[in-house]
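Inside the fold
So the chains spell out like this:
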Amino acid sequence: MSTIDISAAVATFLVEGRELAEELERGLLKLDEGHDRNDPELINALFRAAHTIKGSAGIVGIDSLGRFTHRVESLLDRVRSGEPLLDDAMITQLLRCCDHINKLLDLAAAGDVEGRDLAAVEGELLAGLDRSGTGAHSAVESPSNSGATPPSSGQGNDFRLLALFGDDCLRHGMDPASALLYLASLARIDDTMVLGQLVPALDRLDAETCHLAIAIRGHCERLAVIDEAFEFFREGSCLLLISDHDTPAQTHERLQRLRQRASDEQLQPWRQAGFIQDTEWNAPQSPATAEARPASRGVEGTPGAEAAAPRGEPTSAPAAAAAAPARFVRVPAPRLDELIQQVGELVIAGAGVDVLSRDTRNGRLQEAVESLMKLIDSIQSGALQLRMVPIGETFSRFQRVVRDVSRDLGKNIHLDIVGGDTELDKSMVERIGDPLMHLVRNAMDHGLETPTERVAAGKPEQGTLRLRAFHDSGNVVVEVSDDGRGLNTERIVAKAIERGIVSSAEGMNDHDIHQLIFEPGFSTAEQVTSLSGRGVGMDVVKRSIESLRGAITLNSRPGEGTLMQLRLPLTLAIIDGFMVGVDAARFILPLDMVVECIELPDGAMLPERPKYLNLRGEVLPYICLRETFSIDAPMVRRPSVVVVRSGGTKTGLLVDSLHGEIQTVIKPMTGIFRHLRSICGTSILGTGDIALILDVHQLVQGSVERATRPTVNVPTNP
Amino acid sequence: MMNIEPSDQAGRFVVRVTGALTIAEVGDARSVMIDHLRTHTAPHTWEFDLGDVAEIDSAGVQLLLAVANSTTEHQIHASVVRTSPVIDTVAKALGLANGVHCCGLARASSRETCA
């Protein structure tokens, strides 16, 4: 007897299981936030998530999870049958069940598929589910329970399902008979027919290969139940759902896929038995009847598309997107990193070839190299996109945190997510989770007031915590803001003095005082609450962001709220840059940050203000790269100014020469150089020379800090 | 665990299947049945006693359909003399059970049922 190695399937499921648990949680949070608790689309989505977790867990042998999720699924099945079970307490209970599902997945990942250590918690959770009534766990098995009473007439849909199952479905544990029995508990089945002649005689039979073709005719309230019953058969199977909404011409078109899998002769019994009508079998008489419908609509794989959107019913775009079969390939992240690394090398090598080809002055060679460079450019763009993920998933995780914490604190807080589709590098997304969590908890704990306090302050009872992301000048900006009480400068000063960070606030404006919260030692384990602090202060958050070569800024107004802005690089291995030179040294600036390049006009230097230029009447601060990097060479006669935008300000960079746009591979700074703030990497040029890639924001910030340090560092002054 | 017990009874070749007939057993069951087809070319009447099949899935049903097709090819008259409740449930769900047939095999009339 052959054995099947399911370790790969288990690994895949552990990832998918978490995604499904997240989906479940997101849906529950939506209901918790006031979404219609009778919305069939959402309730069905929740049910499907639980159903898939249960089914997949059973297939890969994670019994604990299959057993537990079955109870959750059963409860959701009752909900979608119309039982009013989803009160606030039940949603909370179901959210706890999501947590438990994640814990069971953790245990399964560690090899424990029984989950006995969590039995006590599980019992408590299940008791909570059963509070909704008895027998919540028997809905699926017992046809006498919810959904089991088949509709007799009137409302609903007559349907036919023609199914040619995939060769491997039996091997993969998918049993058409089980699916059919399950469907029979949800819909009325009038007739079923197996094409027995498709099964070979014993001597030609591979007994584990599925040769079954089944036609079903019946009636159901919702076509979606058919999708649910057969959802595990999508791969390799050809399932054609025909509802009474479909015209013969449409069915004819979709039948072609079926007729490619089985001969007309083999399908004749279905015709004779009326599972396929003659008008559907034969080509439409008039072209007008052959209304345009995408040929792929639900023919292959799943009847989900039909189930979700019968003809004539409006379908929302998200619903259509959810119903469309998405195809993904999971690739281990290190493979992507390696690919991007290699693409980086390819770009460098390409640039080298480009330089050499220009030296030869051979037109045909240059033309060929140009084509090659275009291809490299295209590969580069594609490779970089592979690792980009929207930040929305990270943001969404805070919904649960905000819900739970606001309840614990007795606060009414609404989480507003803006720009969730902003993309940034996956590794970056993973690393900003903790700093963001700290900022979110801080805002809820210290920033936002209780409802009573808010009303007393003339504000709406509900506070708003906003997570926002957007691209700006080649960076990603992530903001955490609230409309709470704002920072209390007096308390900050008092605490800073108490901690010995400053001796007095003399000469410090509000902005300077606010910056003190980022000073090491400002927050301590003694004074932070269990929510926002675990002995981790804002200095650690700042260091975390800076270790990502990002920056954090703070803006707060008393009584109006606080805005924390994280400015992060995309951290991609390759960027579009602009190359400048100082003597023989080459520097590369991110192209997005370059506003303009000009030759330094006569009289632009302001003798009375040594760090500023007069640029067409505008006073522009500038940084002389020659001085910053201590390049010992005489200044050229006509230096150039590259105007860059960092954050909301413009700064000029004084350089000797301009070399134009360049696609640059970032080689990260390692070892002793990794802490250099103004340089975020190096690049090897086509000539073999090395160019330093400037972190413009840090460069500007460093310059500002140097200029303002004597004012801020009060205690150092006698 | 599946067991197939063949016996010759008064000119009839009786195949009694017990235990499970699922994806885990169908490979072995197929081999056994092919051996019987090869060795029992006569008599030309086979009877299947499926009354003690404790478990069956689609793979088991498919095997029975293959048996039905094979016996037809070999011009053997095959029938089912007894079915278990689990077979009845699954075969009925698949539309393969009625008063005359079960999983592609003719049902023997009560008079023909083996002792």
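Quick note: structure is the one above.
Residues numbered from 1 in each chain as written. Chains lettered and ligands numbered in written order. Predicted model: local features only at pLDDT ≥ 70, side-chain atom pairs only at ≥ 80, totals over all residues. Heavy atoms only, no water.

1. Overview of the interface of chain B and chain A
The interface is formed by 27 residues belonging to chain B together with 28 residues belonging to chain A. Our count for the contact surface shared by chain B and chain A stands at one salt bridge. The shortest N-O distance in the salt bridge between B:E73 and A:R204 comes to 2.7 Å. At the junction of chain B and chain A, the tally comes to twelve residue pairs in polar contact (both at pLDDT 80 or more). Of all the elements in the fold, those that place two or more residues in the side of chain B that touches chain A are α1 (26-39), α2 (58-73) and α3 (85-93) of chain B. Broken down by element, the residue count for the side of chain B that touches chain A peaks at ten residues, all from α2(B). Classifying every residue of the side of chain B that touches chain A by side-chain character gives 15 nonpolar, seven polar and five charged. (Contact = heavy atoms within 4.5 Å. Salt bridge = Lys/Arg side-chain N within 4 Å of Asp/Glu carboxyl O. Polar contact = N/O pair within 3.5 Å; in protein donor to acceptor, adjacent residues only side chain to side chain. Helix = DSSP H or I, 4+ residues; strand = E, 2+ residues; numbered from the N terminus. Nonpolar A, V, L, I, M, F, W, Y, C, P; charged D, E, K, R; others polar.)

2. A word on the sheet that holds strand β6 (residues 105-107) of chain B
All names here are of chain B. Strand order in the open sheet made by the six strands is β1-β2-β3-β4-β6-β5, with mixed pairing throughout. Taken across any chain shown, the strands that pair with only one partner, and hence form the sheet edges, are β1 (3-9) and β5 (101-102). Bridging between strand β3 (residues 45-56) and strand β4 (residues 77-83) involves six bridges; their strand directions are parallel. Following the sheet pairing, E47 is matched in β4 by S79. Packing against the sheet, α2 makes contact with β2 (12-21), β3, β4 and β6, and its axis sits at approximately 175° to β3. Against the sheet, α3 engages β3, β4, β5 and β6, with an angle of about 95° to β3. (Pairing = 2+ DSSP bridges. Axes fitted to C-alpha atoms, helices over the stretch in contact; angles between N-to-C directions.)

3. Regarding the sheet that holds strand β8 (residues 463-472) of chain A
Residue and element names in this part refer to chain A. A sheet is described by the order of its strands in space; here five strands give the open sequence β6-β8-β9-β11-β10, paired in mixed fashion. The sheet terminates laterally at β6 (413-418) and β10 (551-557), the two strands that pair on one side only. The sheet shows a mean angle of 15° between the axes of neighbouring strands, taken without regard to direction. Where strand β9 (residues 475-482) meets strand β11 (residues 561-569), eight bridges bridge the pair, whose relative direction is antiparallel. Counterpart to E479 in the pairing with β11 is Q565.

4. Considerations on α1(B)
All names here are of chain B. Compared with an ideal rise of 1.5 Å per residue, which puts 14 residues at 20 Å, α1 spans 20 Å between its outermost C-alpha atoms and is within 8% of the ideal. Residues V26, A29, R30, M33, I34, H36 and L37 constitute the buried set of α1. All buried residues of α1 project into a common sector of 160° when viewed along the axis, lining one side. Away from its buried face by more than 90 degrees, α1 exposes R38 and T39. Each element contacted by the buried residues of α1 is listed here: β1, β2, β3 and α2. (Expected span 1.5 Å × (residues − 1). Buried < 20%, exposed > 50% of the residue type's maximum accessible area, 1.4 Å probe, protein only. Arc of directions from axis to C-beta.)

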